[in-house]
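Here is how the chains run, residue by residue.
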Amino acid sequence: MHFPLLIKVYLKLRKGWTGLTPEAQHLVRRFVRSQERNGFYLNAGGAVDDYYTQFGKLLEAVFSPWKILALPRRGLMVKESMMKETVYGAFFRFIADEMKLITPKDANVPLPEQLSTNAVCCLLAMKYQSMGSCDQQLVEWLKARQDESGGFYSSEVAPMPDMLSTAVALFTLRLIGEKPHKASDFINAHWMENGGFSPTIYDEYSDVEYMFYGLLALGSDE
């Protein structure tokens with residue numbers, strides 16, 4: 001069955017969640033609840049934020065599968081800064097169209113001049129989802145971003161791998177049938193005592209967006 005891309009993401013999130021021990025699930029739930037304010041979720045700065053709220057709502061659906069019916073049919077909202085990058089705007093329109101049962105038309109957008117892991121993942125996922133194939137040179141570029149720790153760098157010049165890049169790269173490579181190296185040690189190193197996942201090994205904070213990336217990485221690390 002050809003599931004929309006957002007549903008495929010959801011299934012990996014759910015897999016990451018169900019693979020946790022009951023104690024770990026309790027910590028994750030407690031952390032997510034700590035980020036909620038009257039039905040909305042906090043951003044990294046501690047303010048209520050519509051963009052972060054959508055990550056929170058996806059996580060609620062992970063914990064309670066019946067809430068999948070309430071997933072936004074237009075996909076996740078896009079930060080204004082992301083819309084300035086053609087590939088990101090196209091990616092979120094692609095998700096929205098699929099959820100509305102409209103055939104997406106954005107798979108052929110150009111990449112930014114400076115390649116990044118996130119942008120490459122967006123394009124590969126759209127191409128594979130719509131065409132069943134993708135640019136092998138981009139696939140090899142993405143695979144080369146994986147560090148020996150299992151984590152992925154955000155670009156060719158990034159100083160260290162990070163959780164966001166690792167989550168989207170693992171998901172995308174699995175989506176297109178590739179087998180990246182296991183990243184369990186890297187993922188576990190970013191899991192914090194409060195139940196959240198840190199952006200990098202040197203960060204000491206988390207939020208619902210990085211909880212999303214942590215579970216996505218766990219579910220995609222097969």
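Residues numbered from 1 in each chain as written. Predicted model: local features only at pLDDT ≥ 70, side-chain atom pairs only at ≥ 80, totals over all residues. Heavy atoms only, no water.

Engineer: I would appreciate a short explanation of the packing of helix H5 (residues 86-99) against helix H6 (residues 117-131) in the present structure.
Structural biologist: To characterise two packed helices, one gives the angle between the axes of the helices and the distance between these axes. Between H5 and H6, the shortest axis-to-axis distance is 9 Å and the interhelical angle comes to 35°. Remark: the crossing between H5 and H6 carries left-handed chirality. Of the residues in H6, those in contact with Val87, Tyr88, Ala90, Phe91, Phe94 and Glu98 of H5 are Asn118, Ala119, Cys122, Leu123, Ala125, Met126, Gln129 and Ser130. Looking at the contact of H5 with H6, its residues break down into ten nonpolar, three polar and one charged. (Axes fitted to C-alpha atoms, helices over the stretch in contact; angles between N-to-C directions. Helix = DSSP H or I, 4+ residues; strand = E, 2+ residues; numbered from the N terminus. Left-handed = near helix turned anticlockwise from the far one by under 90°. Contact = heavy atoms within 4.5 Å. Nonpolar A, V, L, I, M, F, W, Y, C, P; charged D, E, K, R; others polar.)

Engineer: How should the packing of helix H1 (residues 5-18) against H5 be read in this particular structure?
Structural biologist: H5 packs onto H1 with a crossing angle of 95° between their chain directions and a minimal axis gap of 8 Å. Overall, the two elements H1 and H5 adopt an arrangement that is roughly perpendicular. Touching Leu5, Leu6 and Ile7 of H1 are Phe91, Phe94, Ile95, Glu98 and Met99, all from H5. The class makeup of the residues in the contact of H1 with H5 is seven nonpolar, no polar and one charged. (Parallel < 35°, antiparallel > 145°, perpendicular 65-115°, else oblique.)

Engineer: I keep staring at helix H7 (residues 136-143) and nothing clicks. Help me out?
Structural biologist: Each α-helix winds once per 3.6 residues, and so residues spaced three or four apart point in a common direction. Residues Leu138, Val139, Trp141 and Leu142 constitute the buried set of H7. Down the axis, H7 shows its buried residues gathered within 160° of arc, on one side only. Next to the buried residues of H7 lie H6 and helix H8 (163-175). Its side-chain oxygen 2.8 Å from the backbone nitrogen of glutamine 137, aspartate 135 forms the N-cap of H7. (Buried < 20%, exposed > 50% of the residue type's maximum accessible area, 1.4 Å probe, protein only. Arc of directions from axis to C-beta. Polar contact = N/O pair within 3.5 Å; in protein donor to acceptor, adjacent residues only side chain to side chain.)

Engineer: Got a minute to help me understand the pattern of salt bridges in this structure?
Structural biologist: When their charged atoms lie close together, side chains carrying opposite charge are able to pair. In total, this model carries six salt bridges according to the counting rule given. Residue lysine 12 pairs with glutamate 222 through a salt bridge whose shortest N-O separation is 2.2 Å. On the criterion of sequence distance, the pair formed by lysine 12 in helix H1 and glutamate 222 in the segment after helix H10 (208-220) is long-range, its members being 210 residues apart. Taking relative accessible area as the criterion, lysine 12 reaches 18% and is therefore assigned buried. The partner of aspartate 221 in a salt bridge is lysine 182, with the nearest N and O atoms 3.7 Å apart. With aspartate 221 in the segment after H10 and lysine 182 in the loop between H8 and helix H9 (184-189), this residue pair connects regions lying 39 residues apart in the sequence. (Salt bridge = Lys/Arg side-chain N within 4 Å of Asp/Glu carboxyl O.)

Engineer: What exactly am I supposed to notice about the state of the cysteines here?
Structural biologist: Working definition: the covalent bond between the sulfur atoms of two cysteines is a disulfide. Enumeration according to the criterion identifies zero disulfides in this entry. Considering cysteine sulfurs only, cysteine 122 is the nearest to cysteine 121, which forms no disulfide, with 7.2 Å between them. When its relative accessible area of 3% is taken as the criterion, cysteine 121 is described as buried. (Disulfide = S-S within 2.5 Å.)

Engineer: Sorry if this is basic, but what is going on with the packing of aromatic side chains here?
Structural biologist: We describe a pair of aromatic rings using the distance from one ring centre to the other and the angle between the two ring planes. For the structure shown, the criterion picks out nine aromatic pairs. Each ring, one from phenylalanine 212 and one from tyrosine 213, has its centre 5.5 Å from the other, and the planes form 80°; the classification is edge-to-face. The residues phenylalanine 212 and tyrosine 213 share a single accessibility class, namely buried. An aromatic cluster is built from Tyr51, Tyr52, Phe55, Tyr210, Phe212 and Tyr213, whose rings are joined through pairwise contacts. For the cation-ring pair, arginine 145 lies above tryptophan 141, with the distance from its terminal atom to the ring centre recorded as 4.5 Å. (Phe/Tyr/Trp six-rings, centres within 6.5 Å; stacked < 30°, edge-to-face > 60°. Lys NZ or Arg CZ within 6 Å of the ring centre and 35° of its normal.)

Engineer: What exactly am I supposed to notice about the environment of alanine 44 here?
Structural biologist: If you trace the backbone, alanine 44 turns up in the loop between strand S2 (40-41) and helix H3 (50-63). Residues alanine 44 and serine 130, spaced 86 residues apart in sequence, show a C-alpha to C-alpha distance of 34 Å. The contacts of alanine 44, once residues within four sequence positions are left out, are Tyr52, Tyr205 and Asp207.

Engineer: Please explain unusual backbone geometry as it appears in this structure.
Structural biologist: Only a minority of non-glycine residues have a phi that is not negative, and only a minority of peptide bonds are not trans. Although it is not a glycine, asparagine 38 adopts a positive phi angle of roughly 55°. Note that asparagine 38 resides in the loop between strand S1 (36-37) and S2.

Engineer: What is the right way to look at the nonpolar core in this model?
Structural biologist: For soluble globular proteins, the rule of thumb is that nonpolar side chains tend to be buried together. Of all hydrophobic cores here, the largest spans 66 residues; its most connected members are Met126 and Tyr213. Those residues in contact with methionine 126 that sit more than four places away from it in its chain are Val87, Ala90, Phe91, Phe94, Asp106, Ala107 and Val109. (Core = buried A, V, L, I, M, F, W, Y, C linked by side-chain atoms within 4.5 Å.)

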